[in-house]
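Observations on the three-dimensional arrangement
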There are 2 protein chains.
Amino acid sequence: MTAIENLDKAFESRVRLGIMSVLTASGQSDFNTLKGMLGVSDGNLASHIRALEELGYIETQKQFIGRKPNTSYSVTDAGRKAFSAHIEALSSLLNLKQQ
Amino acid sequence: MTAIENLDKAFESRVRLGIMSVLTASGQSDFNTLKGMLGVSDGNLASHIRALEELGYIETQKQFIGRKPNTSYSVTDAGRKAFSAHIEALSSLLNLKQQ
């Protein structure tokens, strides 16, 4: 067992760490809210969302709010589990404690 | 201020997180020890060491142990400061506590 092998490469990017953190904390979030909270470009955010979706870690909900289409994102059970394991590995490597 | 802007892109890679953690904890370490602890290839480790060196975050000591040349690495003051700021940003984002 090496010091870093439990760190999930899927969460290396700080944009992905941010997406997972925001969605875990807020339950769900739409594209523009995520974009504002993370301060990233549309293209950058979209590509990381797509990657996390392909891994099965987040999922998309499409609905109408009034007549306006709205897309929001939330963390799947698999995503929650993987993210939590990643945080545990980070905590252990960096000697941090979960609150 | 966004959720992730204090995360240092220099430490996104888990190999770099690992290098900084090992060197911070051990004071200094040679190439093979780092390689063993992180479980990465020579080329991968060398390229991340080089990048951290170019950023001024780690430095190289070359010496002889008997007749054998030995290269070891340690964290610079700038590296210690940047890594500590990164850990603080991570802790805050992920709601972790420094021990």
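Let us look at the structure shown here. The structure displayed is predicted, hence computed values, not measured ones. (Residues numbered from 1 in each chain as written. Chains lettered and ligands numbered in written order. Predicted model: local features only at pLDDT ≥ 70, side-chain atom pairs only at ≥ 80, totals over all residues. Heavy atoms only, no water.)

**A look at the overall build of chain A**
- Each helix and strand in chain A was counted, giving four helices and four strands.
- When the helices and strands of chain A are listed from N to C terminus, the series reads α-β-α-α-β-β-α-β.
- If one aligns the C-alpha atoms of chain A with their principal axes, the spans along those axes are about 55 × 25 × 25 Å.
- Looking at the 99 residues of chain A, the share that counts as buried comes to 45%.
- In chain A, of all internal contacts separated by at least 6 residues, the share reaching a separation of at least 24 is 54%.
- In the form shown here, chain A has an accessible surface area of approximately 5400 Å², with 48% of it arising from carbon and sulfur atoms. (Helix = DSSP H or I, 4+ residues; strand = E, 2+ residues; numbered from the N terminus. Buried < 20%, exposed > 50% of the residue type's maximum accessible area, 1.4 Å probe, protein only. Contact = heavy atoms within 4.5 Å. Areas by Shrake-Rupley, 256 points an atom, 1.4 Å probe, with all protein chains shown as cover.)

**Some thoughts on the relation of the copies chain A and chain B**
- Between chain A and chain B, which share one sequence, the superposing operator has a rotation angle of 180° and an axial displacement of 0.0 Å; the RMSD is 0.0 Å. Here the transformation between the copies is reduced to the relation of a two-fold axis. For chain A, the residue whose C-alpha comes nearest the rotation axis is Lys97(A), separated from it by 2.5 Å. (Least-squares fit on C-alpha atoms with pLDDT ≥ 70 in both.)

**Side note on the pattern of salt bridges**
- By the definition in use, this model includes two salt bridges over all chains.
- Between Asp42(A) and Lys35(A) there is a salt bridge, with the nearest N and O atoms lying 2.7 Å from each other. (Salt bridge = Lys/Arg side-chain N within 4 Å of Asp/Glu carboxyl O.)

**Re the packing of aromatic side chains**
Residue and element names in this part refer to chain A.
- Enumeration over the complete set of coordinates arrives at four aromatic pairs over all chains.
- Ring centres 5.3 Å apart and planes at 75° place the aromatic pair Phe11 and Phe83 in the edge-to-face group. With Phe11 in the segment before helix H1 (14-26) and Phe83 in helix H4 (residues 77-94), the pair connects residues that are 72 residues apart, well separated along the chain.
- Note on Phe83: relative accessible area 4%, which makes it buried.
- Grouped by ring-pair contacts, the aromatic residues Phe11, Tyr57 and Phe83 constitute a single cluster. (Phe/Tyr/Trp six-rings, centres within 6.5 Å; stacked < 30°, edge-to-face > 60°.)

**Regarding H1(A)**
- For H1(A), spanning 13 residues, the distance from its first C-alpha to its last is 18 Å, which sits close to the expected 18 Å at 1.5 Å a residue.
- N-cap assignment for H1(A): the residue whose side-chain oxygen lies 3.0 Å from the backbone N of Val15(A) is Ser13(A). (Expected span 1.5 Å × (residues − 1). Polar contact = N/O pair within 3.5 Å; in protein donor to acceptor, adjacent residues only side chain to side chain.)

**Brief notes about the sheet that holds strand S3 (residues 68-75) of chain A**
Residues and elements named next belong to chain A.
- In space, the three strands of this open sheet follow the order S1-S3-S2, with antiparallel pairing throughout. The sheet is open, and its two edges are formed by strand S1 (28-30) and strand S2 (58-65), each paired on a single side. Across the sheet, the mean angle separating the axes of adjacent strands is 30° when strand polarity is ignored.
- Across eight bridges, the pairing between S2 and S3 is antiparallel. (Pairing = 2+ DSSP bridges. Axes fitted to C-alpha atoms, helices over the stretch in contact; angles between N-to-C directions.)

**Comments concerning the side chain of Ser91(B)**
Residues and elements named next belong to chain B.
- The topology assignment puts Ser91 in helix H4 (residues 77-94).
- Accessibility expressed as a relative area gives 4% for Ser91, which makes it buried.
- Within the structure, Ser91 has its side chain in polar contact with the backbone oxygen of Ile87 (distance 2.7 Å).

**Concerning the interface of chain A and chain B**
- Counting residues at the interface gives 29 residues for chain A and 29 residues for chain B.
- Inspection of the chain A/chain B interface yields zero salt bridges.
- Linking chain A with chain B are nine residue pairs in polar contact (both at pLDDT 80 or more).
- Considering every element that reaches the side of chain A that touches chain B, the biggest residue donor is H4(A), with six residues.
- Here the residues of the side of chain A that touches chain B sort into 14 nonpolar, ten polar and five charged.
- The sheet contact formed by strand S4 (residues 96-98) of chain A and strand S4 (residues 96-98) of chain B spans three bridges and is antiparallel. When the bridges of S4(B) are listed, Gln98(A) appears paired with Leu96(B). (Nonpolar A, V, L, I, M, F, W, Y, C, P; charged D, E, K, R; others polar.)

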